[in-house]
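Take a look at the letters that make up each chain.
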Amino acid sequence: MAIRFELIHEDKNSGARVGILHTPHGSFETPIFMPVGTQATVKTLSSKEIREVSDGLILGNTYHLWLQPGEEIVKQHGGIRGFMNWDGALLTDSGGFQVFSLSDIRNITEEGVTFRHHLNGSTLHLTPEDSIRIQNDLGADIIMSFDECPPFHSDYDYMKESVERTIRWAQRGKDVHQFPDKQALFGIVQGGPFKDLRKHSIEELVKIDFPGYSIGGLSVGETKKEMYEMLEYLKDLMPKDKPRYLMGVGSPDDLIMGALNGIDMFDCVLPTRIARHGSAMTSVGKVVIKNAIYETDMSPLDPNCDCFVCKNHTKSYLRHLFKGKEMLGQRLVTYHNLYFLKSLMKQVREAIKNDSLLEFKAKFFENYYHKHR
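Quick caveat, the model's predicted, so the values are computed rather than measured.

Engineer: Quick question: what am I supposed to make of the layout of surface pockets here?
Structural biologist: To find the voids left in a structure, one rolls a probe of water-molecule size over its atoms. There is about 870 Å³ of room inside the largest pocket. Around the largest pocket sit 40 residues that line it, and Phe97, Gln98, Gly248, Asp267 and Val269 are the ones nearest its centre. Sorting the residues of the lining of the largest pocket by element identifies strand 5 (57–60), helix 5 (96–102), strand 14 (265–268) and helix 11 (270–276) as the ones contributing at least two each. The dominant element in the lining of the largest pocket, judged by the number of residues it contributes, is helix 5, at five residues. Considered class by class, the residues forming the lining of the largest pocket number 15 nonpolar, 18 polar and seven charged. If you add up the space inside the second largest pocket, you get close to 340 Å³. Surrounding the second largest pocket, 14 residues form its lining, Ser283, Asn304, Phe340, Gln347 and Phe364 being those nearest its centre. Considered class by class, the residues forming the lining of the second largest pocket number six nonpolar, five polar and three charged.

Dropping the structure here:
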């Protein structure tokens, strides 16, 4: 089998869990945060640096790699791993989220989706079978079913129709999946804010029998309260012996709350995106390094971080780089933010093993969010 999930320990006070995700290219303790390598690159970082700031499992984006350079060219390199010279494990999304978020003009039918190229306006068509074929060529260890990701607050009737179609698409994708022994295909739970539709989605996907399950349609505009309530509801419905992946979530509070609700895998562009604009995640809160207050600040970005950036550079220097529009500033803060989340998830796993994630959460929130209350 392409992957195997091993449940190691459940926090007796919260239900959070530590496991090991075994893949063809490495085994990884969970909960794990996966940096996003949209176009076969985690923006601004080399493969060597990605290895240093990740646990060894990252994402590639099916939609973008399909459009540029095309899956055939990636396949000629032996897949994304050969293309970007990455020796770790990989997960690819289905392309569905980008189809629905980047294209203003689209037509959804039972067959698939016809939509406009988000850059040049040309007409494109993507079906569940296309998505799986492309992901087979991209060669990731874990791939995703093609799903519709409707707005969270779509009306009930539309959401029900969408969920049913996504279930049918999931079956069609599994039917054409070429390499089930090399690539694990996950089903994606949808249903917006409607608990009965979420429950139905899980039950039908479990009947199809996937090696893992993703939660889609969250962190798409709903409130954090709505997201956390849905995660709490889903926690006891998701299969216990399979990995659970919450898509598109990467802020420290969401990672901790997700872990408290039994999530094993996370990904998000947030840490790299905010880094390129000069915002750093630190153990004492968010630092906007472009602010004038840091012009003469000789301290490290994070006093409690042992990453390359914090051991070698001052806030004053980092501010200088951003003020001078030097690309090195973006690179260094990106490196730090991903290292910070890697370290955070290691602390979360240790807290779960010690049955103390609730206490860890309280202490972390006090330190991280004290400036923003």
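Engineer: Just to check I follow, could you spell out helix 13 (residues 315–323) for this structure?
Structural biologist: In an α-helix there are 3.6 residues to a turn, and that puts residues three or four apart on one side. Along helix 13, the residues classified as buried are Lys315, Ser316, Leu318, Arg319, Leu321 and Phe322. Of the surrounding elements, those touching the buried residues of helix 13 are helix 11, helix 12 (308–312) and helix 14 (327–353). Downstream of helix 13 by one or two residues, Lys325 has phi in the positive range, about 55°.

Engineer: Quick question: what am I supposed to make of the packing of aromatic side chains here?
Structural biologist: Counted under the stated rule, the structure contains 12 aromatic pairs. Arranged with centres 6.4 Å apart and planes meeting at 65°, the rings of Phe364 and Phe365 form a pair that is edge-to-face. Among the residues examined, Phe364 registers a relative accessible area of 9% and is labelled buried. Judged by centre distance (5.4 Å) and plane angle (70°), the ring pair of Phe365 and Tyr369 falls under edge-to-face. Separated by four residues within a single helix, Phe365 and Tyr369 lie in helix 15 (residues 357–369), roughly one turn from each other.

Engineer: Whenever I open this one, empty space enclosed by the protein confuses me. Can you help?
Structural biologist: Counted under the stated rule, the structure contains one cavity of 30 Å³ or more. Of the volumes computed, that of the largest cavity is approximately 30 Å³. Lining of the largest cavity is provided by Phe33, Pro35, Val53, Ser54, Leu338, Leu341 and Lys342. Of all the secondary-structure elements, those providing two or more residues to the lining of the largest cavity are strand 4 (32–37) and helix 14. Taken together, the residues of the lining of the largest cavity sort by class into five nonpolar, one polar and one charged.

Engineer: Help me understand the packing of helix 7 (residues 156–176) against helix 8 (residues 195–208), please; the structure alone is not making it clear to me.
Structural biologist: Angle between the axes and distance between the axes: these two values describe a pair of packed helices. The geometry of helix 7 relative to helix 8 is characterised by a closest axis approach of 10 Å and an angle of 10° between their N-to-C directions. Regarding the angle of helix 7 to helix 8, the classification is roughly parallel. Crossing angle aside, the handedness with which helix 7 passes helix 8 is right-handed. Across the interface between the two elements, Tyr156, Met159, Lys160, Val163, Glu164, Ile167, Ala170, Gln171 and Lys174 from helix 7 touch Asp196, Leu197, His200, Ser201, Glu204, Leu205 and Ile208 from helix 8. Its residues assigned to classes, the contact of helix 7 with helix 8 comprises eight nonpolar, three polar and five charged.

Engineer: I keep staring at the sheet that holds strand 9 (residues 123–126) and nothing clicks. Help me out?
Structural biologist: In sheet architecture, strand pairing relies on hydrogen bonds along the backbone and comes in two forms, parallel and antiparallel. As summarised here, the arrangement of the three strands in space is 7-8-9, forming an open sheet in which the pairing is antiparallel. Of all the strands in the sheet, the pair left with one neighbour each is strand 7 (106–108) and strand 9. Ignoring strand direction, the axes of neighbouring strands in this sheet form an average angle of 15°. Pairing of strand 7 with strand 8 (residues 113–116) involves three bridges; the strand directions are antiparallel. Across the sheet, the residue bridging to Ile108 is Val113, located in strand 8.

Definitions and limits used
- Residues numbered from 1 in each chain as written.
- Predicted model: local features only at pLDDT ≥ 70, side-chain atom pairs only at ≥ 80, totals over all residues.
- Heavy atoms only, no water.
- 1 Å grid on protein atoms, 1.4 Å probe; cavity = no way out; pocket = protein on both sides within 12 Å on 5 of 7 lines; lining within 4 Å.
- Points joined across faces, edges and corners; volume = space filled by probe spheres on them.
- Helix = DSSP H or I, 4+ residues; strand = E, 2+ residues; numbered from the N terminus.
- Nonpolar A, V, L, I, M, F, W, Y, C, P; charged D, E, K, R; others polar.
- Buried < 20%, exposed > 50% of the residue type's maximum accessible area, 1.4 Å probe, protein only.
- Contact = heavy atoms within 4.5 Å.
- Phe/Tyr/Trp six-rings, centres within 6.5 Å; stacked < 30°, edge-to-face > 60°.
- Axes fitted to C-alpha atoms, helices over the stretch in contact; angles between N-to-C directions.
- Parallel < 35°, antiparallel > 145°, perpendicular 65-115°, else oblique.
- Left-handed = near helix turned anticlockwise from the far one by under 90°.
- Pairing = 2+ DSSP bridges.

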